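Survey of secondary and tertiary structure
So you can see what is in the structure, the chains are spelled out below.
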Amino acid sequence: MDEFFIFQKKIPGIFAEEIRIQDNFSMSKCHVHDTTELLFLLESERDFFIEHEFCHLKPGMALMVDPNQLHRGCMITAKSTYHRFLLQIDTKMLGNFFILPELPDIRSFGSRYSGIAEFSPEDWQQVLLTIEQLKREITRNTPDGNTLTLLLVIQLMTLFSRNRVKADYTALLNASQDSNQKISSDSYQKGLEIAIYLQNHSSEPCSLDQIAAHFYISRSYLTQIFKYATGFTVTEYLNICRVQKAKALLNKTGQSITEIATQTGFGNVTYFNRVFKQLTDLTPLQYRKQNR
C-alpha cells in the first residue's frame, strides 16, 4: 500500500488533511472521536460503515460524522486510488466563536446534518475552490488567516447542509458499480441486526455462543458474517460500544472506575483500563480528568 500525505495542518479547533492512497486499503483501527468529521471524496469510490449502516461514496460526495459515532472506511477496489480531503472540526469552539442570530447553532451541526451529501456540479466546483483556499489560509497560521480558515470551514459546512441527501444507506451501497465489492443482502442484513443487538446488550455478558444462539446460527457463521458486514470482529465491536457507554458515565456521574467497569460489561477493571486506553489513548481516570 502506498500512502501519500498531500497536506496536513492544524490550528485551534480545526485539523485538515488530504491524502492519496493506492491499492487496497481498509481502516485497521476503530474510528471514534470527539470532533465532527467532514470528509470530501475526491477520487475513486469508497464504502463506509457508520454505527450499524453502510453508505457508498463517489467523487463529488461528502460524509459528515457526528462526534462519538462509530465509523470505519471499508476496503476499496484493488489497484484504485483513494483520494480524500478531511476536516476534524471542534464545533463547540466554532459555536462559541461565531454567535450570530442569523446562523444556526454550529455546536449542534453534526447531530443535525450527519450523513452524506451529493453535490451539484456547481456546488462541487465551489467545494474544490474553497478547499484550496482553506489550505492556503490554514498554512499561514496567523490571526487573520485562522479567522478566514474558520469562515471557510463554515462555508464548506453550509454547502454540505445544502446538498445533504436523506438517503437509504443500503441503497447507496447497492448502487456501487463494482459487483465484487457488494455484500450479499442476506449476510449484510444479518450483520446489521447483530450490530444493533450488540449495541443494545453490550452491558450484558455476550459470549459468541450466546449471540449465535440468539440468532439461531453457528458461532463460526456469526463471526464470518459480522466481520464481512462491518469490518469488525464481534469482540472489537462490543468493546467499542462498552467504551462509548463508559465515556458517558465518566463524564456525567461520580461512579468509581470499578463500578463503571462492571456496569458497562467489562467486569474486570484491568481489562477495562487496557481496552479503554487502546481506543482512546487515555486511561479512564485520565479521560475523566480531561473532560471535567
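Just above sits the structure.
A brief report on the enclosed structure follows. (Residues numbered from 1 in each chain as written. Predicted model: local features only at pLDDT ≥ 70, side-chain atom pairs only at ≥ 80, totals over all residues. Heavy atoms only, no water.)

1. A word on helix α3 (residues 121–140)
Look at α3: 30 Å from first C-alpha to last across 20 residues, which is about the 28 Å you get at 1.5 Å a residue. Of all the positions in α3, only D123, W124, V127, T130, I131, L134, K135, E137 and I138 are classed as buried. Backbone geometry just downstream of α3 places N141 in the positive-phi region, at approximately 50°. (Helix = DSSP H or I, 4+ residues; strand = E, 2+ residues; numbered from the N terminus. Expected span 1.5 Å × (residues − 1). Buried < 20%, exposed > 50% of the residue type's maximum accessible area, 1.4 Å probe, protein only.)

2. A look at the pairing of strand β4 (residues 46–50)
In terms of burial, β4 is largely enclosed, as five of its five residues are buried. Where burial is concerned, the two faces of β4 agree: the one with R46, F48 and I50 and the one with D47 and F49 are both buried. As defined by bridge partners, β4 adjoins strand β7 (residues 71–73) across three bridges and the pair is classed as antiparallel. When the bridges of β7 are listed, F48 appears paired with G73. (Pairing = 2+ DSSP bridges.)

3. So, the side chain of S202
The topology assignment puts S202 in the loop between α6 (185–201) and α7 (208–214). Of the polar contacts made by the side chain of S202, one reaches the side chain of K245; its length is 2.9 Å. Non-local contacts of S202, meaning those with residues more than four positions away in its chain, are made with L238, C241, R242, K245, T264 and G265. (Polar contact = N/O pair within 3.5 Å; in protein donor to acceptor, adjacent residues only side chain to side chain. Contact = heavy atoms within 4.5 Å.)

4. Re the environment of F266
Relative to the helices and strands, F266 resides in the loop between α10 (257–263) and α11 (269–280). With 28 residues separating them in the primary sequence, F266 and L238 have C-alpha atoms 9.7 Å apart. Not counting chain neighbours up to four residues away, the residues in contact with F266 comprise N239, R242, V243, A261, Y271, F272 and V275.

5. A word on the pattern of salt bridges
Enumeration over the complete set of coordinates arrives at eight salt bridges. A salt bridge links K135 to E18; the shortest N-O distance between them is 2.7 Å. Of the two residues, K135 is situated in helix α3 and E18 in strand β2 (residues 14–22); the sequence distance between them amounts to 117 residues. E18 shares its class with K135; the two are buried. One continuous salt-bridge network, built from bridges that share partners, spans E18, E132 and K135. (Salt bridge = Lys/Arg side-chain N within 4 Å of Asp/Glu carboxyl O.)

6. Overview of the packing of aromatic side chains
The full count for this structure, using the stated rule, is nine aromatic pairs. Between the aromatic rings of F119 and W124, the centroid separation amounts to 5.5 Å while the plane-to-plane angle is 40°, which identifies the pairing as tilted. Comparing F119 with W124, the two get one shared label, buried. For the pair F272 and F276, a centre-to-centre distance of 5.8 Å together with 75° between the ring planes defines the contact as edge-to-face. Here F272 and its partner F276 are both found in helix α11, four residues apart, which amounts to about one turn of the helix. Pair check on accessibility: F272 and F276 agree, each one buried. Clustering of aromatic rings is evident, with ring pairs tying together F266, Y271, F272, F276 and Y287. (Phe/Tyr/Trp six-rings, centres within 6.5 Å; stacked < 30°, edge-to-face > 60°.)

7. Some thoughts on the environment of S120
Within the secondary structure layout, S120 lies in the loop between β9 (115–118) and α3. Distance from S120 to M61, taken between C-alpha atoms, is 9.4 Å for residues 59 residues apart in sequence.

8. What about the packing of α3 against helix α4 (residues 143–163)?
A packed helix pair is summarised by two numbers, namely the angle formed by the two axes and the spacing between the axes. Two numbers describe how α3 lies on α4: the axes approach to 9 Å, and their chain directions differ by 160°. Classified by the interaxial angle, the pair formed by α3 and α4 is roughly antiparallel. Every pair of crossing elements has a handedness; the one defined by α3 and α4 is left-handed. Residue-level inspection shows D123, Q126, V127, T130, I131, Q133, L134, E137 and I138 of α3 in contact with α4, the latter providing G145, L148, T149, L152, V153, Q155, L156, L159, R162 and N163. Across the contact of α3 with α4, the residue classes tally to nine nonpolar, seven polar and three charged. (Axes fitted to C-alpha atoms, helices over the stretch in contact; angles between N-to-C directions. Parallel < 35°, antiparallel > 145°, perpendicular 65-115°, else oblique. Left-handed = near helix turned anticlockwise from the far one by under 90°. Nonpolar A, V, L, I, M, F, W, Y, C, P; charged D, E, K, R; others polar.)

9. Observations concerning the nonpolar core
Counting 27 residues, the largest nonpolar core has I14, L38, F40, L87, F119 and L134 as its most contacted members. Counting only elements with at least two residues in this core, the list comes to β1 (2–11), β2, β3 (36–43), β6 (61–65), β8 (81–89), α3 and α4. Sort the elements by how many residues they give to this core and α4 lands first, with eight residues. Setting aside its immediate chain neighbours within four residues, F40 contacts M61, A62, H83, R84, F85, F119, W124, V127, I131 and L156. Counting residues in hydrophobic clusters, the runner-up holds 22 residues, among them I194, Y197, I217 and I225. (Core = buried A, V, L, I, M, F, W, Y, C linked by side-chain atoms within 4.5 Å.)

10. Remarks on unusual backbone geometry
Not every positive phi belongs to a glycine, and S44 is a case in point at roughly 70°. For S44, the location among the structural elements is in the loop between β3 and β4. Residue S44 is classed as buried on the basis of its relative accessible area, which comes to 17%. Of note, Y216 is a non-glycine position whose phi angle comes to about 55°, a positive value. On the secondary structure map, Y216 appears in the loop between α7 and α8 (219–230).

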